[in-house]
Amino acid sequence: MAAVPDLSPLPPVPLVDLQKQLAVVGDAIQQRMAAVLQGGDFILGGAVGELEGRLADYAGVAQAITVANGTDALQIALMAMDVGAGDAVFVPPFTFAATAGAVVLTGATPVFVDIDDTTFTMDPLQLENKVAAVRAAGALTPRAVIPVDLFGRPADYPAIHAVAQAAGLQVLADAAQSFGAVQGDGQEARPVGSLAPMTTVSFYPSKPLGCFGDGGAILTDDPTLAERCRRLRGHGFDATGEARQVGMNSRLDSLQAAVLLAKLDVFDQELAARSQAAAWYDERLRDSLRTPESPPDGRSAWAVYSIRTRERERLRQALREAGIASAIYYAKPLHLHEAYAAFGDGAGSLPVSETASAEVLALPMHGYLDEPTVTRVCDTLLGALAKP
Ligand SMILES: Cc1ncc(COP(=O)(O)O)c(C=O)c1O
């Protein structure tokens with residue numbers, strides 16, 4: 001009998017494949033979760049303490065304070081820094097809403113600073129210009145800057161620190177997408193968490209280190225700021241039970257900590273796999289499309305692999321037809337959203353971010369992406385580009 005050709009369609013390719021990860025770490029997660037269920041300490045329990053120690057060690061800092069999510073981490077860090085009404089906090093507009101939202105929730109004012117065209121992170125020269133403009137206007141006090149490590153690539157911290165120091169700004173790193181990344185090589189290599197006096201992280205499920213719900217952390221070497229953050233995550237109570245200031249309810253569940261502890265055991269492997277997948281994409285696409293630049297030193301956490309193209313809709317459609325997921329981060333920079341328009345100067349005022357929003361297209365990226373799948377994604381893109 002003649003062989004029947006296999007006409008079944010190829011399997012769909014998700015943006016992030018958490019099922020493949022589960023096949024590797026599922027047993028370890030279940031064992032750790034079972035221990036939490038038996039222990040019964042569901043909120044800020046032993047697993048949370050263990051996780052805070054592991055996170056601090058990983059990031060090379062003295063303290064990790066876990067919280068309920070990456071947005072609260074930003075707000076609590078700003079509150080601990082005493083940022084509030086009358087303060088200007090400089091943020092990029094090409095980021096997730098949380099970066100600027102947390103600033104507004106403290107009563108401070110976000111001031112948008114455009115990004116660099118090749119790195120997608122805050123342009124230090126534009127920061128300098130915006131600080132001068134705020135000073136000249138005189139209504140706000142320049143207080144802090146939040147560089148965002150967009151798509152997993154650390155911002156240009158050496159240059160940002162130089163501007164911040166000259167301007168008297170505190171630096172808070174939004175590392176929601178970049179935990180695991182490193183800046184610098186050899187003796188100079190420093191992990192995310194130690195690149196700024198305060199760093200915030202998100203453990204949203206699709207992040208490089210993600211839990212099974214919401215989670216976040218603040219990383220710092222400063223014992224006073226750490227103590228304030230610990231108080232602020234639990235209604236402002238100190239160790240004696242005195243409410244020292246008005247705080248939040250923003251605690252991490254022990255079950256989420258159990259998930260993260262198990263995932264930390266394979267995290268380095270996954271980061272290496274993400275870098276390998278990025279290299280495969282680069283090799284196949286760089287002659288035909290604008291691929292993201294790898295950092296000149298250290299490593300990105302490759303939370304997102306985003307190409308740039310003026311033919312985004314056509315390419316997206318081809319991917320869709322081939323069963324391949326893609327996404328747009330971010331379709332609009334924050335200053336063009338209704339909620340943040342009052343803090344910006346409208347369309348055309350932040351042109352690098354606006355152009356990036358019109359061109360970016362995120363391709364599948366995770367720690368279990370194999371070479372044939374990357375080839376399939378690239379062949380689909382190149383095939384679509386070749387069509388008239
Ligand atoms: C840059 C950035 N900042 C902050 C956050 C907020 O984190 P979470 O969703 O855990 O609140 C995110 C999450 O997507 C993010 O990408």
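Cut-off values and rules
Residues numbered from 1 in each chain as written. Predicted model: local features only at pLDDT ≥ 70, side-chain atom pairs only at ≥ 80, totals over all residues. Heavy atoms only, no water. Helix = DSSP H or I, 4+ residues; strand = E, 2+ residues; numbered from the N terminus. Rg over C-alpha atoms; globule rule 2.2 N^0.38 Å. Buried < 20%, exposed > 50% of the residue type's maximum accessible area, 1.4 Å probe, protein only. Contact = heavy atoms within 4.5 Å. Areas by Shrake-Rupley, 256 points an atom, 1.4 Å probe, with all protein chains shown as cover. Lys, Arg positive; Asp, Glu negative; His and termini not counted. Charge placed at Lys NZ, Arg CZ, Asp CG, Glu CD. Near = heavy atom within 4 Å. Polar contact = N/O pair within 3.5 Å; in protein donor to acceptor, adjacent residues only side chain to side chain. Core = buried A, V, L, I, M, F, W, Y, C linked by side-chain atoms within 4.5 Å. Domains from an automatic or database assignment. Pairing = 2+ DSSP bridges. Disulfide = S-S within 2.5 Å. Axes fitted to C-alpha atoms, helices over the stretch in contact; angles between N-to-C directions. Parallel < 35°, antiparallel > 145°, perpendicular 65-115°, else oblique. Left-handed = near helix turned anticlockwise from the far one by under 90°. Salt bridge = Lys/Arg side-chain N within 4 Å of Asp/Glu carboxyl O.

Enquirer: I'd like a description of the overall build of the protein chain, backed by residues and values.
Expert: Counting its regular elements, the protein chain contains 11 helices and 11 strands. Computed over C-alpha atoms, the radius of gyration of the protein chain comes to 22 Å, within 12% of the 21 Å expected from 2.2 N^0.38 for 388 residues, which places it in the range of a compact globule. Projected onto its principal axes, the C-alpha positions of the protein chain cover 80 × 60 × 45 Å. Here the protein chain, with 388 residues, has 54% of them falling under the buried criterion. Sequence-distant contacts, at least 24 apart, represent 73% of the contacts inside the protein chain between residues at least 6 apart. For the protein chain, the accessible surface area stands at approximately 16600 Å², while carbon and sulfur atoms represent 53% of it. Taking the average location of the 30 positive side-chain charges in the protein chain and that of its 45 negative ones, the two points are 3 Å from each other.

Enquirer: Explain helix 4 (residues 98-105) to me, using residue names and the numbers behind them.
Expert: Since the α-helix turns once every 3.6 residues, residues separated by three or four places project in the same direction. Most of helix 4 is tucked away, with six of its eight residues classed as buried. Here helix 4 has its buried residues at Ala98, Thr99, Ala100, Gly101, Ala102 and Val103. Contact partners of the buried residues in helix 4: helix 3 (70-80), strand 2 (87-91), strand 3 (109-112) and strand 5 (170-174). One or two steps after helix 4, the chain reaches glycine 107, where phi turns positive at roughly 95°.

Enquirer: Explain the site of the ligand to me, using residue names and the numbers behind them.
Expert: Inspection of the region around the ligand gives 16 residues, with Gly70, Thr71, Asp174, Ser202 and Lys207 positioned closest. At 2.9 Å from an oxygen atom of the ligand is found a side-chain nitrogen or oxygen belonging to glutamine 177. Residue lysine 207 places a side-chain N or O atom 2.6 Å away from an oxygen atom belonging to the ligand. Put simply, the parts of the chain that give the shell around the ligand at least two residues each are helix 3 and helix 4. Broken down by element, the residue count for the shell around the ligand peaks at three residues, all from helix 3.

Enquirer: Kindly report on the nonpolar core, identifying the contributing residues and their values.
Expert: Leu55, Phe90, Leu127 and Val145 are the most contacted members of the largest nonpolar core, which totals 54 residues. At the level of elements, helix 1 (18-39), helix 2 (46-59), strand 2, helix 5 (124-137), helix 6 (157-167), strand 5, strand 9 (216-220) and helix 8 (254-285) are the ones that each hand at least two residues to this core. The biggest single contributor to this core is helix 8, with 10 residues. Composition of this core by domain shows at least three residues from each of domain 1 (18-262) and domain 2 (266-386). Once you skip the residues sitting within four places of it in the chain, valine 145 turns out to touch Phe90, Met122, Leu127, Ile160, Ala164, Leu169, Gln170, Val171 and Leu172. Within the second largest apolar cluster, 31 residues are counted, among which are Ala108, Phe112, Ala226 and Met248.

Enquirer: Which residues make up unusual backbone geometry, and what values go with them?
Expert: Cis geometry is adopted by the peptide bond preceding tyrosine 330, which originates at tyrosine 329 and carries an omega value of 5°. In this structure, tyrosine 330 sits in the loop between helix 9 (312-321) and helix 10 (351-359). Unusually for a residue other than glycine, aspartate 82 sits at a positive phi of about 65°. Relative to the helices and strands, aspartate 82 is located in the loop between helix 3 and strand 2. The residue tryptophan 302 is not glycine, and still its phi comes out positive at about 45°.

Enquirer: Account for the pairing of strand 9, naming residues and giving values.
Expert: Every regular strand shows the same layout, with side chains that alternate between the two sheet faces. Where burial is concerned, most of strand 9 is hidden: five out of the five residues are buried. What you see with strand 9 is no split at all: Gly216, Ile218 and Thr220 on one side and Ala217 and Leu219 on the other are buried throughout. Two strands pair when backbone bridges link them, and strand 1 (residues 63-67) and strand 9 are joined in this way by five bridges, in the antiparallel orientation. Each residue of the ladder has a partner; that of alanine 64, found in strand 9, is leucine 219. Relative to strand 9, strand 8 (residues 198-202) runs antiparallel, the two sharing five bridges. Paired with threonine 199 across the bridge in strand 9 is leucine 219.

Enquirer: I'd like to hear about the state of the cysteines, residue by residue, with values.
Expert: Taken as a whole and judged by the stated rule, the model has zero disulfides. Free of any disulfide, cysteine 211 has its nearest neighbouring cysteine sulfur in cysteine 229, separated by 19 Å. Overall, cysteine 211 belongs to the buried group, its relative accessible area being 1%.

Enquirer: With reference to specific residues and values, describe the packing of helix 3 against helix 4.
Expert: With their axes 9 Å apart at the nearest point, helix 3 and helix 4 run at an angle of 40° to one another. In this view, helix 3 runs oblique relative to helix 4, as classed from their interaxial angle. Considering how the two elements wind past one another, helix 3 and helix 4 form a crossing that is right-handed. Of the residues in helix 4, those in contact with Thr71, Leu74, Gln75 and Leu78 of helix 3 are Ala98, Thr99, Ala102, Val103 and Leu105.

Enquirer: Could you give me a rundown of the side chain of aspartate 72, with the residues and numbers involved?
Expert: Looking at the element boundaries, aspartate 72 is found in helix 3. This buried residue, aspartate 72, is left without a salt bridge; arginine 251 holds the nearest opposite charge, at 9.8 Å. Residue contacts for aspartate 72: discarding those within four places in its chain leaves Met248 and Ser250.

Enquirer: How would you summarise the side chain of threonine 200 if you had to cite specific residues and measurements?
Expert: Structurally, threonine 200 is set in strand 8. On the basis of relative accessible area, threonine 200 is assigned to the buried category, the value being 1%. Leave out the neighbours within four places in its chain, and threonine 200 touches Ala73, Leu74, Ala77, Leu172, Ala173, Asp174, Ala175, Ala176, Ala217 and Ile218.

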